[in-house]
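# Architecture and fold: a report
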Amino acid sequence: MAIREHRLVFKHIDALGYTRDIDCYLKHGGYEMLKKGFAMGGAAIREEVKKSQLRGRGGAGFPTGTKWSFIDPAKVTKPIYLICNADESEPGTFKDRQIIYKDPHQLIEGMILSCFANGVKLAYLYIRCEFTEGWKILEKALGEARSHGFLGKNILKSGYDLEIHVHRGAGAYICGEETGLIESLEGKRAYPRIKPPYFPAVLGLYMCPTIVNNVETLCNVKHIVEMGGEAYAKIGRPNNTGTRLLCVSGDVVKPGYYEFPCGALTMGELIHDVCGGIRNGGKLKAVIPGGSSAKVLRAGETYKIKEKGPDGNLVEKEVKLEDLRMDFDTLASAGSMAGSGGVIVMDQTRDMVECLANISTFYAHESCGQCTPCREGVLWMKKILARIAEGHGREDDPNMLKEVADRIAGRTICAFGEAASWPVQSFIGKFKEEFSLRIRRNGTAAKRDTVSLTH
Amino acid sequence: MNPWNHDVAKDEKDLVDVQIDGVWMQMPRGLNVVEVAHRAKKFLPHYCYHPKLSVVGNCRMCLFEMGTPKMGPDRKPVLGADGKPEIAWMPRPQIGCATGITPGMGIRTDSALVKDCRNGVMEFLLINHPLDCPICDQAGECKLQEFSVEYGTGASRFTENKVKKPKNVDLGERIVLDDERCILCSRCVRFSSEITQDNVLGFVNRGSHSTLTAYPGKSFDNDYSLNTVDICPVGALTSKDFRFQMRVWFLKETKSLCTSCGTGCNTMIGSREGKVYRLTPRENESVNSHWMCDHGRLNFHYLESKERLTRPLLKAAGEQFPGTWVDAIARAAEGLQKVKPAEIAIVASGRLTNEELFVLKRLAGELGVSQVDTVPHLGQGDKFLRSADGNPNGRGAELLGLSSGGRVLSGWAAAILSGKIKALLVLGGENLISAGIPASTLAKLEVLIYSGILSNETSRLAQVVLPGSGFAEKTGSMVNVHGRLQRMTRAISAPGEAREDWMILRDLRMALTGGNSLHSVEDIWKSMATEVPQFQGLNWAKIGDLGIQIESSAKADEAKLA
């Protein structure tokens, strides 16, 4: 393999003999960063995180240091809460669960450091309901941390108190949207809140300033404390620092989770070198680079990417799909996103109509139903797609689908509107001929051997 | 009363410059864009937003294009040729209900993007909505219909199967829900949890299948539940009392007052061809805001009661027979003249208007009758609108000097038995038996004259029964328990030969004392304004639709306690 993994967060994941109990963690230098962090002080940790240019790993890629800087623990009079978003539900994403199941103490240490840095006395770990085992693992790990004095009153005699509670999610994708998560944590339906005014940093959990960070993001904080912000920022590329966990699924020889410096490898290297290429010797047809809500990229496409040249000026380059760097900015300029790191690879056997119908079924099932465009539009799109997939498409359906998606994206309370519309916009936009063909062959084509999508 | 008042600016004088559809104007800082547009005579359509409920921003109908001042390199706004800030427009539309205005903000309520947003929301709302307007009670006052016409497209592109949801759901004693019509704006959910603190409504299921329902095993029947029918923008919540009774466009709307307690909630009477179909609250921030209690709202069917008195009755040989007004008035006058003024007692009523009471006061004064009082009606109040004082105009009777709140009246049973009171003139349909004067005592009276709208144990004992008018059948004014003078207007005519009470009293007065000069309610008001200190300087027009505070609420309370 030409490119080597750089394992930071996944350092011990699947390592021979590594277990998830605290003794093993301690043996591998666990909770040492707690001592270092406490000695540094909260403001210093925040400064290091800022310097590290760490970007949120949940999907949006918002700079963590900036998110933290919205709250000044010295000025806030209300309690400050930190919530670890472990509601990993984006189709194609399975990185956080590796950490939770295999190295929970890394997450807890990262969380304690982040809480300490932001003056948080009470934190919540909101874990996806379906991770039943993960929930038990976390409860056990928290118990161990508590009995070792890493949690509770006067942690390591620093005078700092912290409690972390695990809260099991409510079994819905929308619970992972940060304000929906907060509502759910408060015991209500996970209806995302309107922003403004309910920015978590101002009016979050129980209307108090709240930081919501992803599992991977919090783990990275531990490594930033360990190596310092500047050293961390040297991993990866400017503005796309650190390592990135990538979850590759679909038609590759070796699907799985990998960790690379952000932007260190290209899409082609990931698919062909790391994952052993397309399975059965097939051909790459399309790839969704950041979880099912990210816009699909089509093999053979080229993208105009602006990059900083050696002289520091932006230079526009034409780049092929295989040559796209796997980082936030490159994938964004290619019109998609790095999202949650879920790379879904599709080969030439995949029917784009079926793929999109499948994705749409998921979003129609998961729309919370709070705001009009998403509630009504997403199910409508699903119904049209199911109809096309079953051989009852109409000529104007692709156009109409795109128009419906355009009227959802950007007009909803939360980003779910985009998450549900982007696949439709991109699949239809990039594979229009496939939809048209399917519609033209209505009735004459043999029915595909697929699961019925009309339920 | 209301936890939220989005239509009220924190400080009406703290103004900021905003540009609305290209025109700069000054508006109170922080007011939301829906309200600002309204003040600018523009309109941002909305379903979920209500000025008295929390803002949830779920309907997405009030999306508008927003801009902020363009900042120069010096971080100061770049000024245009007109000296006003240049505006940088945001690509994403914002919701007007949750956006407070800031200095230099640009607002577009009618751009191509805004129109497309509204058109999109309308299309989405209608795809799963039943096309049952012809049988829907909301038709004619339905925001979905109105905005469809204004912002929608004539035809639908939706050809799939609609989502099926429960219909004809019994939410409580007074409300029926059609979930397929519901657009999930959550106004009713917020009303019940925020205003009445009765957290019984909510949504179940997800996405398009979201369904409004009451908590399992609970029923939505608090005394304010019907307000949700008013604020429901569509025909999802309907009143069992009103549904299928009358198309709303046939209803004549008349401004009136609720007379079921001393609060005097402002109401709109919906009537057609002499029949009242419904009462709805009329917005008055000084009294009832947008609300009224279910008890008051539904308390109008008695106008059509079987017990309704529609003709004057005269007693002969121990039985009451219908007679003419001329005979009835003459018989009543004759009766009252038979006894000495000191032997007459008058049961005025806190249910009568000030005008009626004033004519009565003239009559009593001219006759020399000094024993006048009202019957107290004490009931169960609540912390919200309902007053424990069941008299809608008890305070008016006090101000006119016709009431001691029942103290004087409490001695009358004994006075009748001892023969000190020989004649009783009962007004306002008061039933003296429930007020503590037994039928056997009333039977001792030489003269009993009754005026009211329903027959009761007292009316059946009377020698003369003078049929009067109900609240919807008269024009007049009342003073509520908080010292607010308010007007009510006649919506329908009294049935049969029943007459407005002030006319009955005028005729009785003419027959008894020859007194005249009061030809209309306005006339009465003119005279009353010179005699009643609290009414001085006021005329009919000045009271206005929303009434006028004539004494401080505290003072009215004090007077009540005294």
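Quick caveat: nothing in here was measured; it's all calculated off a predicted structure.

Scoring rules and cut-offs
Residues numbered from 1 in each chain as written. Chains lettered and ligands numbered in written order. Predicted model: local features only at pLDDT ≥ 70, side-chain atom pairs only at ≥ 80, totals over all residues. Heavy atoms only, no water. Phe/Tyr/Trp six-rings, centres within 6.5 Å; stacked < 30°, edge-to-face > 60°. Helix = DSSP H or I, 4+ residues; strand = E, 2+ residues; numbered from the N terminus. Buried < 20%, exposed > 50% of the residue type's maximum accessible area, 1.4 Å probe, protein only. Pairing = 2+ DSSP bridges. Contact = heavy atoms within 4.5 Å. Arc of directions from axis to C-beta. Domains from an automatic or database assignment. Buried area = accessible area lost by both parts, 1.4 Å probe. Salt bridge = Lys/Arg side-chain N within 4 Å of Asp/Glu carboxyl O. Nonpolar A, V, L, I, M, F, W, Y, C, P; charged D, E, K, R; others polar. Axes fitted to C-alpha atoms, helices over the stretch in contact; angles between N-to-C directions. Parallel < 35°, antiparallel > 145°, perpendicular 65-115°, else oblique. Left-handed = near helix turned anticlockwise from the far one by under 90°. Polar contact = N/O pair within 3.5 Å; in protein donor to acceptor, adjacent residues only side chain to side chain.

## Focus on the packing of aromatic side chains
Enumeration according to the criterion identifies 29 aromatic pairs over all chains in this entry. Between W380 of chain A and F158 of chain B, the aromatic rings sit 5.6 Å apart at their centres with planes inclined by 65°, giving edge-to-face as the arrangement. Linking W380 of chain A in helix α15 (residues 372-389) with F158 of chain B in the loop between α3 (143-151) and β7 (169-170), this pair reaches from one chain into another. For W380 of chain A, a relative accessible area of 1% corresponds to the buried category. Between F191 of chain B and W291 of chain B the ring centres are 4.8 Å apart and the planes differ by 55°, which places this aromatic pair in the tilted class.

## Remarks on the sheet that holds strand β24 (residues 548-549) of chain B
All names here are of chain B. If you walk across this open sheet you meet the three strands as β22-β23-β24, and the pairing is antiparallel. In this open sheet, the two strands that pair with only one neighbour each are β22 (476-479) and β24. Relative to strand β23 (residues 484-488), β22 runs antiparallel, the two being bridged by four bridges. Bridge assignment links V479 to a residue of β23, and that residue is L485.

## A few points about the environment of V55 of chain B
Along the chain, V55 of chain B falls in the loop between α1 (33-39) and β3 (63-69). Considering only alpha carbons, one finds V55 of chain B and S111 of chain B, 56 residues apart in sequence, at a separation of 24 Å. Those residues within four positions of V55 of chain B in sequence are excluded, and the remaining contacts are I194 of chain A together with H6, Y49, C97 and A98 of chain B.

## Some points on helix α3 (residues 42-52) of chain A
Residues and elements named next belong to chain A. Restricting attention to buried positions, one finds in α3 the residues G42, I45, E48, V49 and S52. One side of α3 holds all its buried residues, which, seen down the axis, span an arc of 125°. Residues of α3 that are buried sit in contact with α2 (32-40), α4 (64-69), α6 (104-117), α10 (215-227), α11 (229-234) and β6 (240-241). Of the residues one or two after α3, Q53 is the one with positive phi, at around 60°.

## Thoughts on the domain arrangement of chain B
Each domain of chain B was delimited in the assignment, giving domain 1 (15-110) and domain 2 (313-472 + 497-541). Here the C-alpha centroids of domain 1 of chain B and domain 2 of chain B sit 58 Å apart.

## Describing the pairing of strand β12 (residues 314-320) of chain A
Residues and elements named next belong to chain A. By the bridge criterion, seven bridges tie strand β11 (residues 302-308) to β12 in an arrangement that is antiparallel. The residue of β12 that forms the bridge with K304 is E318. In this structure, the hairpin formed by β11 and β12 is closed by a connection of five residues, where G312 is found at a positive phi of approximately 90°.

## Brief notes about helix α13 (residues 521-531) of chain B
Taken together, the buried positions of α13 of chain B are occupied by V521, I524, W525, S527, M528 and A529 of chain B. Contacts from the buried residues of α13 of chain B go to α8 (354-367), β22, β23, α12 (501-513) and α14 (540-543) of chain B.

## Re the interface of chain B and chain A
The interface is formed by 39 residues belonging to chain B together with 34 residues belonging to chain A. Summed over both sides, the interface of chain B with chain A buries roughly 3,100 Å², with 49% coming from carbon and sulfur. Looking at the side of chain B facing chain A, the largest losses of area belong to F124, R157 and R206 of chain B, adding up to 26% of the total buried there. Linking chain B with chain A are seven salt bridges, by the criterion used here. For E403 of chain A, the salt bridge goes to R157 of chain B, with nearest N and O atoms at 2.5 Å. When contributions to the side of chain B that touches chain A are tallied by element, the ones reaching two or more residues are α2 (112-127) and β9 (201-204) of chain B. By residue number, the principal contributor to the side of chain B that touches chain A is α2 of chain B, which donates 10 residues. Broken down by class, the residue content of the side of chain B that touches chain A amounts to 19 nonpolar, 12 polar and eight charged.

## Here we look at the packing of α15 of chain A against helix α17 (residues 416-430) of chain A
Residue and element names in this part refer to chain A. Contact geometry of α15 with α17 gives a least axis separation of 10 Å together with a crossing angle of 25°. In terms of axis orientation, α15 runs roughly parallel to α17. Pair α15 / α17 crosses with left-handed handedness. Residue-level inspection shows C374, V378 and M381 of α15 in contact with α17, the latter providing F416, A420, S421 and V424. Across the contact of α15 with α17, the residue classes break down as six nonpolar, one polar and no charged.

## Thoughts on the sheet that holds strand β11 (residues 237-239) of chain B
With respect to topology, three strands assemble into an open sheet ordered β7-β8-β11 (chain B), the strand pairing being antiparallel. Whereas interior strands pair on both sides, the edge strands pair on one side only; in this sheet they are β7 and β11 of chain B.

## Remarks on the pattern of salt bridges
If you walk through the whole model with that rule in mind, you get 76 salt bridges over all chains. When the shortest N-O distance is used, the salt bridge between K95 of chain A and E216 of chain A registers 2.9 Å. Residue K95 of chain A is located in the loop between β1 (81-86) and α5 (96-102), and its partner E216 of chain A is located in helix α10; the two are separated by 121 residues in the primary sequence. Judged by relative accessible area, K95 of chain A falls into the buried class, the value being 1%. E146 of chain B serves as the salt-bridge partner of K143 of chain B, at 3.3 Å between the closest nitrogen and oxygen. Of this pair, K143 of chain B and E146 of chain B both sit in helix α3, three residues apart, which is roughly one turn of that helix. Exposure remark for E146 of chain B: the relative accessible area of 34% places this residue in the partly exposed category. Through salt bridges with shared partners, a single network forms among E403, R407 and R411 of chain A together with D116, E123 and R157 of chain B.

## Let's talk about the domain arrangement of chain A
All names here are of chain A. Per the domain assignment, the segments of chain A are domain 1 (22-233), domain 2 (240-347) and domain 3 (352-441). Just the C-alpha atoms count here: the centres of domain 1 and domain 3 sit 35 Å apart. Taken together, the 14 residues of domain 1 in the interface contact 10 residues of domain 3. For the pair domain 1 and domain 3, the number of links is zero salt bridges. Where domain 1 meets domain 3, there are three residue pairs in polar contact (both at pLDDT 80 or more). In the side of domain 1 that touches domain 3, the residues fall into eight nonpolar, one polar and five charged.

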